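# A structural walkthrough
What follows is the residue order along each chain.
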Amino acid sequence: MSEGLGEDDVAIELEAVSEPGAGIGRVVRAGERAQVLIGKRVLVGPVDPCGECEVCRRGGGPVCPLARRRETRTQTTIVAAGRWVVTLGEGLELPHPAGAAVPGAIALAYTLYARTGVGPREPVVVIGATPISRFLIEILLAKGISPAIVANPDHGPWVDWLLGKGVTVARTTRVDEARATCTAAFAAQGLGARPWRVIVTDGAETATGVALAGPRATLTVLAPAGPLSGDLAAREVTVIGVAGVHPDLVVEVAAMCVKGDIDLTGGTAAGPTPDHRAIVTPV
Ligand SMILES: [Zn+2]
């Protein structure tokens, strides 16, 4: 029953998919060493890192040169490494089709958070009106961090959602105004002049992030990012690139969704693009 599968592989019949390359489904076949997964409902991400190479050992799973990458959009059954799928059930239940976003946009948001290494009482600025920003803000709030968000005032529904979350919103396209609003917000939180953690989720907004990253700031950019200018070095800014979901983190965000820290149903949509919600597509 396992022809064509590696001994650790599973074949998953997808129930729903979500960008980037994520899905939820049921294991229908398995290699010799993954038999225990047959019949289980699982989450599957876009990439299976090898887990063994020096890049993986340094936490670089998403850019592992030996990784297997998948395209879930056109397939109903996919093959994945059993070690990286997250098994649902036994308290970890996710709704259909919203659950498909968990190993996608939501895990990507968590990867941005984790790679930035945000500590308690650090000033965090988020830029980009995307589903990933939305989930990142919920993750930060759940971790006790109140970020400041730079938002284009024309993005009405996005600004409304942010205000509903009680976070500071710099409603401007001007960098000097955004900097002033964030500075005031962090001063009010008693964070003083600590170097900022600037996280950009939309490559088109990279220049704003570059401009706001002051001396000794960190600037986290999600690929594909825009140009990163040389004067970042003159301010000793640390640039952190995030290329994709780290599969190790999927189980953590699934638990946060079950707990209600992340509004999975509100943050996903099965229809055409409502701007800052992740699209999930039943298969
Ligand atoms: Zn590797």
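Residues numbered from 1 in each chain as written. Predicted model: local features only at pLDDT ≥ 70, side-chain atom pairs only at ≥ 80, totals over all residues.

## Examining the overall build of the protein chain
Within the protein chain, the secondary structure is distributed over eight helices and 15 strands. Relative to the globule expectation of 19 Å for 283 residues, the C-alpha radius of gyration of the protein chain, 19 Å, shows essentially globular dimensions. Dimensions of the protein chain, computed from the C-alpha atoms along their principal axes, are close to 65 × 40 × 30 Å. In the protein chain, which comprises 283 residues, the proportion classed as buried is 47%. Pairs at least 24 residues apart make up 61% of the contacts formed inside the protein chain by residues separated by at least 6 positions. (Helix = DSSP H or I, 4+ residues; strand = E, 2+ residues; numbered from the N terminus. Rg over C-alpha atoms; globule rule 2.2 N^0.38 Å. Buried ≥ 20, exposed ≤ 12 C-beta atoms within 10 Å, placed from the backbone. Contact = placed C-beta atoms within 7 Å.)

## Digging into the nonpolar core
A general feature of soluble globular proteins is that nonpolar side chains tend to end up buried together. Counting 86 residues, the largest nonpolar core has Ile106, Ala109, Val125, Leu136 and Val253 as the members making the most contacts within it. Sorting elements by how many residues they give to this core places helix H2 (residues 102-116) first, with nine residues. There are two domains that each give this core at least three residues, and those are domain 1 (9-105 + 266-282) and domain 2 (106-242). Setting aside its immediate chain neighbours within four residues, Val253 contacts Val102, Ile106, Ala107, Tyr110 and Ile262. (Core = buried A, V, L, I, M, F, W, Y, C linked by C-beta atoms within 7 Å. Domains from an automatic or database assignment.)

## Comments concerning the domain arrangement of the protein chain
One frequent convention defines the size of an interface as the accessible area lost when the parts assemble. Domains assigned within the protein chain are domain 1 (9-105 + 266-282) and domain 2 (106-242). Placing a centre on the C-alpha atoms of domain 1 and another on those of domain 2 gives a separation of 28 Å. Tallying the contact residues gives twelve residues for domain 1 and 14 residues for domain 2. It is H2 that contributes the most residues to the side of domain 1 that touches domain 2, four residues altogether. In terms of residue class, the side of domain 1 that touches domain 2 is built from six nonpolar, four polar and two charged. (Nonpolar A, V, L, I, M, F, W, Y, C, P; charged D, E, K, R; others polar.)

## Some points on the packing of H2 against helix H8 (residues 250-259)
Two numbers describe how H2 lies on H8: the axes approach to 9 Å, and their chain directions differ by 100°. Classified by the interaxial angle, the pair formed by H2 and H8 is roughly perpendicular. Together, Val102, Pro103, Ile106, Ala107 and Tyr110 of H2 and Val250, Glu252, Val253, Ala254 and Cys257 of H8 make up the contact between the two elements. Classifying every residue of the contact of H2 with H8 gives nine nonpolar, no polar and one charged. (Axes fitted to C-alpha atoms, helices over the stretch in contact; angles between N-to-C directions. Parallel < 35°, antiparallel > 145°, perpendicular 65-115°, else oblique.)

## Thoughts on the sheet that holds strand S12 (residues 218-222)
Sheet architecture is open: six strands sit in the order S10-S9-S8-S11-S12-S13, paired in parallel fashion. Both edges of this open sheet fall to strand S10 (168-171) and strand S13 (238-242), since each of them pairs with a single strand only. Along the sheet, successive strands turn relative to each other by an average axial angle of 20°, direction set aside. Examined bridge by bridge, strand S8 (residues 124-127) and strand S9 (residues 148-151) share three bridges and lie parallel to one another. Directly across from Val126, in S9, lies its bridge partner Ile149. Packed on one face of the sheet, helix H3 (residues 131-142) meets S8, S9, strand S11 (197-200) and S12 and runs near 160° to S8. (Pairing = 2+ DSSP bridges.)

## Points about unusual backbone geometry
Omega for the bond connecting Glu19 with Pro20 falls within 30 degrees of zero, at -5°, which places this linkage in the cis form. Here the bond from His96 into Pro97 is cis, since omega is -5°, no more than 30 degrees from zero. Its place among the elements puts Pro97 in the loop between strand S7 (86-87) and H2. In the Ramachandran plot, Arg216 falls in the positive-phi region, its phi being about 65° despite a non-glycine side chain. The topology assignment puts Arg216 in the loop between helix H6 (206-212) and S12. Within the chain, Glu236 stands out as a residue other than glycine whose phi angle is a positive 55°.

## A short note on the environment of Ala98
Residue position: Ala98 is located in the loop between S7 and H2. Ala98 sits 80 residues away from Ser18 along the chain, and the two C-alpha atoms are 8.6 Å apart. Beyond its immediate stretch of four places on either side in the chain, Ala98 contacts Leu264, Thr265, Thr268 and Val280.

## Description of helix H5 (residues 175-188)
Taking 1.5 Å of rise per residue, 14 residues should cover 20 Å, and H5 covers 20 Å from first to last C-alpha, within 8% of that figure. Packing partners of the buried residues in H5 comprise S8, S9, S10 and H6. In the segment just after H5, Gly190 is the residue with positive phi, at about 75°. (Expected span 1.5 Å × (residues − 1).)

## Points about the pairing of S11
Residues Arg197 and Ile199 line one face of S11 and the alternating positions Val198 and Val200 line the opposite face, and both faces are buried. In this structure, S8 lies alongside S11, joined through four bridges in parallel fashion. When the sheet's bridge partners are listed, Val125 is paired in S11 with Val198. In this sheet, S12 lies alongside S11 in parallel orientation, the contact comprising four bridges. Opposite Arg197, over in S12, you have Thr218 as the bridge partner. Regarding topology, H6 serves as the crossover connection from S11 to the parallel S12, and that connection is right-handed. (Right-handed = clockwise from strand over helix to strand, strands pointing away.)

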